[in-house]
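# Architecture at a glance
For reference, the chains in residue letters:
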Amino acid sequence: MTGAKPKELVWIASSLKDLSDFPEDVRQVMGFALFMAQTGGKHPAAKPLRGFHGAGVLEVVDDFDGDTFRTVYTVRFAEAVYVLHAFQKKSKRAIETPKHVIDLVQQRYEAARRHHEVRAAAEKEGER
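Of regular secondary structure, the chain possesses three helices and five strands. When the helices and strands of the chain are read in sequence order from the N terminus, they spell out β-α-α-β-β-β-β-α. When the backbone C-alpha atoms are referred to their principal axes, the chain occupies close to 55 × 30 × 25 Å. Per-residue burial over the chain gives 37% buried out of 128 residues. Contacts in the chain between residues far apart in sequence, at least 24 positions, make up 55% of those at least 6 positions apart. Entry remark: accessible area of the chain is about 7,600 Å², with carbon and sulfur atoms responsible for 55%.

Put into structure tokens, the structure is as follows:
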């Protein structure tokens, strides 16, 4: 981690509410992982989410009391870490993230990209 000022944390759609519903122990793990991302680091439990090659989309997975919890975020944009989704994985059989979750993350990634573009345009306009 660097000593730089942490990047802003931007919550897309219901991601903050969804994460706040996680058990306290899981919230602490996810919060620390997000803080590490904000300061330029990478939590040991963070790994690239399949299907988002080169997009800087990562997921943190934490198991608690027989359940699996995931938080998906992107570090693709310089000024902020965008939290795209937080959910409890229901299926005990499949390892892969379900297609409907990948589709939702893709939609939220596009929302984060648009937010970033609007912010960048506003900052550029302010420099004039």
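So, on to the nonpolar core. If you look at the biggest cluster of nonpolar residues, it comprises 16 residues, and the most contacted ones within it are V57, V72, Y82, L84 and V105. Broken down by secondary-structure element, the contributors of at least two residues to this core are β5 (80–89) and α3 (99–127). Beyond its immediate chain neighbours, meaning those up to four positions away, V57 contacts K47, P48, L49, F52, V72, Y73, T74, L84, V105 and Y109. M30, L34, V60 and V83 belong to the second largest nonpolar core, which has 15 residues in total.

Each full turn of the α-helix corresponds to 3.6 residues, which orients residues three or four apart in the same direction. With 15 residues, helix α2 (residues 24–38) ought to run about 21 Å at 1.5 Å a step, and its terminal C-alpha atoms sit 21 Å apart, in line with that. By the burial criterion, the buried members of α2 are V26, M30, A33, L34, M36, A37 and Q38. In the segment just after α2, G40 is the residue with positive phi, at about 90 degrees.

Looking at the element boundaries, T97 is found in the loop between β5 and α3. For T97, the side chain forms a polar contact with the side chain of R70, separated by 3.0 Å. Residues contacting T97, with those up to four places away along its chain left out, are L49, E59, R70, F87 and I102.

Once that is clear, we can look at the packing of aromatic side chains. Following the criterion strictly, the structure yields three aromatic pairs and no others. An aromatic cluster of at least three residues, connected via ring pairs, comprises F77, Y82 and Y109.

Where burial is concerned, most of β5 is hidden: nine out of the 10 residues are buried. With four bridges joining them, strand β1 (residues 8–11) and β5 adopt parallel strand pairing. By the bridge assignment, W11 is partnered in β5 with V83. Taking the residues that link successive antiparallel strands as the turn, the strand β4 (residues 67–74)-β5 hairpin has five residues.

Within the secondary structure, T74 is located in strand β4. Using a relative accessible area of 0% as the deciding quantity, one classes T74 as buried. Side-chain polar atoms of T74 contact the backbone oxygen of G56, separated by 3.0 Å. Those residues within four positions of T74 in sequence are excluded, and the remaining contacts are A55, G56, V57, A80, V81, Y82, L84 and Y109.

Basis of the calculations
- Residues numbered from 1 in each chain as written.
- Predicted model: local features only at pLDDT ≥ 70, side-chain atom pairs only at ≥ 80, totals over all residues.
- Heavy atoms only, no water.
- Helix = DSSP H or I, 4+ residues; strand = E, 2+ residues; numbered from the N terminus.
- Buried < 20%, exposed > 50% of the residue type's maximum accessible area, 1.4 Å probe, protein only.
- Contact = heavy atoms within 4.5 Å.
- Areas by Shrake-Rupley, 256 points an atom, 1.4 Å probe, with all protein chains shown as cover.
- Core = buried A, V, L, I, M, F, W, Y, C linked by side-chain atoms within 4.5 Å.
- Expected span 1.5 Å × (residues − 1).
- Polar contact = N/O pair within 3.5 Å; in protein donor to acceptor, adjacent residues only side chain to side chain.
- Phe/Tyr/Trp six-rings, centres within 6.5 Å; stacked < 30°, edge-to-face > 60°.
- Pairing = 2+ DSSP bridges.

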